[in-house]
Amino acid sequence: MSERRPNIVFLLSDDHAAHAIGTYGSVVNRTPHIDAVAAAGVRLDNLFATNSLCAPSGASILTGTYSHVNGVTTLDTFVDASQPTFVTALREAGYRTAFVGKWHMGQGSTGGVVHDPQGFDRWDALIDQGEYHDPRFLSPDGLRVEPGYATDLITDLAIDWVESLDHSGGDDPWCVLVWHKAPHRPWEPDAAHAGMYAEGGLAGGTPIPVPATFTDDLAGRSDTARRAAMRIADHLTEEDLKQPVPPGLSADEEALWKYQRYMEDYLACVASVDDNVGRLTSWLADRGELDDTIVIYSSDQGFFLGDHGWFDKRFMYEESIRMPFVLSYPRAVAAGQALDRIVTNVDIAATLLDAAGVDVPERMQGRSFWGDLTDPAAAQRDRERETEGFYYRYWMHDDRSHQVGAHYGYRTHRYTLIFFYNDGLGLPGCSDRRYAQEWELYDLEADPEELVNVADDPAYAAVRDELEARMWLAQRAVGDEPHPDQPVPRLVTEAGGEP
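First things first, this report covers the structure right here in the doc. Keep in mind it's a predicted model, so treat the numbers as computed, not measured. (Residues numbered from 1 in each chain as written. Predicted model: local features only at pLDDT ≥ 70, side-chain atom pairs only at ≥ 80, totals over all residues. Heavy atoms only, no water.)

## Observations regarding empty space enclosed by the protein
So, step 1. With the rule as written, the count across this model stands at 4 cavities of 30 Å³ or more.
So, step 2. As a volume, the largest cavity reaches approximately 100 Å³.
So, step 3. As for the largest cavity, its lining consists of 13 residues, and the residues nearest its centre are Leu12, Cys54, Lys102, Trp179 and Asp300.
So, step 4. Elements with a contribution of two residues or more to the lining of the largest cavity: strand S1 (7–13) and helix H2 (54–63).
So, step 5. When residues of the lining of the largest cavity are assigned to their parent elements, the largest contribution, 3 residues, is made by H2.
So, step 6. Of the residues belonging to the lining of the largest cavity, the class tally is 6 nonpolar, 4 polar and 3 charged.
So, step 7. Taken as a whole, the second largest cavity spans an internal volume of roughly 80 Å³.
So, step 8. The wall of the second largest cavity is formed by Ala59, Leu62, Thr63, Val79, Asp80, Ala81, Gln83, Thr85, Trp103, Gln118 and Phe120.
So, step 9. Considered class by class, the residues forming the lining of the second largest cavity number 6 nonpolar, 4 polar and 1 charged. (1 Å grid on protein atoms, 1.4 Å probe; cavity = no way out; pocket = protein on both sides within 12 Å on 5 of 7 lines; lining within 4 Å. Points joined across faces, edges and corners; volume = space filled by probe spheres on them. Helix = DSSP H or I, 4+ residues; strand = E, 2+ residues; numbered from the N terminus. Nonpolar A, V, L, I, M, F, W, Y, C, P; charged D, E, K, R; others polar.)

## What to know about the packing of helix H5 (residues 150–165) against helix H9 (residues 251–287)
So, step 1. Relative orientation of the contacting elements H5 and H9 amounts to 15°, with a least axis distance of 9 Å. With respect to each other, H5 and H9 are oriented roughly parallel. For the pair H5 and H9, the sense of crossing is right-handed. Between H5 and H9, the residues in contact are Thr151, Asp152, Thr155, Asp156, Ile159, Val162 and Glu163 and Ser272, Val273, Asn276, Arg279, Leu280, Trp283 and Arg287, respectively.
So, step 2. Residues of the contact of H5 with H9, tallied by class, amount to 5 nonpolar, 4 polar and 5 charged. (Axes fitted to C-alpha atoms, helices over the stretch in contact; angles between N-to-C directions. Parallel < 35°, antiparallel > 145°, perpendicular 65-115°, else oblique. Left-handed = near helix turned anticlockwise from the far one by under 90°. Contact = heavy atoms within 4.5 Å.)

## A few points about H5
So, step 1. In this model H5 runs 23 Å from its N-terminal to its C-terminal C-alpha over 16 residues, within 8% of the 22 Å that 1.5 Å per residue would give.
So, step 2. Three or more residues of H5 are buried, namely Ala150, Thr151, Leu153, Ile154, Thr155, Leu157, Ala158, Ile159, Trp161, Val162 and Leu165.
So, step 3. In this structure, the buried side of H5 is in contact with strand S4 (96–101), strand S7 (122–126), strand S8 (136–139), strand S9 (142–145), strand S10 (174–179) and H9. (Expected span 1.5 Å × (residues − 1). Buried < 20%, exposed > 50% of the residue type's maximum accessible area, 1.4 Å probe, protein only.)

## So, the sheet that holds strand S18 (residues 438–443)
So, step 1. Taken together, 4 strands build an open sheet; the order of strands is S15-S16-S17-S18 and the sheet is antiparallel. Two strands close off the open sheet at either side, each with one partner strand: strand S15 (389–394) and S18. Shown here is a sheet whose adjacent strand axes are inclined to one another by a mean of 10°, direction ignored.
So, step 2. Relative to S18, strand S17 (residues 415–420) is paired through 6 bridges, and the arrangement is antiparallel. Following the sheet pairing, Phe420 is matched in S18 by Glu438. (Pairing = 2+ DSSP bridges.)

Such coordinate-based values are descriptive only and should not be taken to indicate function.
Have a look at this one:
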């Protein structure tokens, strides 16, 4: 790698599913500018959220730690912003740093614990979820309203900050986090993109393709999945849809109409994000800095786009946990790569510090995958694919919005094992209702759409035993604790690993 330390532009959107990005095979939209970043560098095909929820994922990305370590387990547990992050490490190493966009990990302070962004030379944060139009921004200078559309404004503020460095003297590298609200609910497009995926729109003309699992009755899943309140047919509101449902539709016709309306606005919000990715990369090219800058586009988690009849995320299912992640850095990362190694949002902080030549704080739990990107042949030779897997935990039990049960699990390349312990453990944002505990197991090779739960299938008994043990050990390795009611896995006990 060149001795010159890279600049970093880290674009993060909210709820942008990988399967709504061209380079990931989208059949519902086009994203030419995000695709161009991937083409100029690398696309990660197996990067996952370890807690598929906005604030927890953002906290894990920043701190390189799991939710139980950084303290942001639910939407109602706010960050202690004084804890070390990859940004504070970069700043201590001489980087100039800025944050613009959706913070959503608390504001002000609680009991002396500060929640506002720390470790940045400049920060401008949307309030809570933020508004799409004329959003409020909080900065060290106070609260203000910025007229315009949030996605454009966030890009404007990021560019303005970098250009302000031109007048400050010195040649320090810089890192700017450009974290968008879009395409988060309630999916409000700007005037330039509204209607582009509707009939007669620039990208419309035909109905948006419907997922094969849209009419899934969830019979192959747990009661926990069936309790969730995130069905497009039943739980989208008039605020989401922007207009009343036309009269005279059958139940099936109404569900399809709601899907089209939802997706038209969702994809229009994505189009605005994609255009702003293009704005930033073109601006870097015009400055002659594109080759010297790590450009990342990602999302804090995945999202259901009618898959299984759902919207939202949270569950440890493929559409929810898979994060898009594309990166370009022409000085060190060869173009046109795809990496299928299993990595997580906890690994991002260590990776960026590795790329910048900065020591990774001991507190960080993630593993850098920078070497996989800069020397993929060596990484592939040294790889033990069968040992790859990751630990997931969703804490926000029976939340007031979607009633998704608390669970944790373990995913390998072939299998996903989930334990729904269905207990809020008294955490903020959780209900005090408890439900029966349930297990799910999916064979992703035989059943990639996760339609058939084989947790109690005798043919998978040995697989389940192995995965229960691997989950238990992975949980212990990251310092988390199993639910008190979960028995020690049989293989762990037989190996003498637990009393």
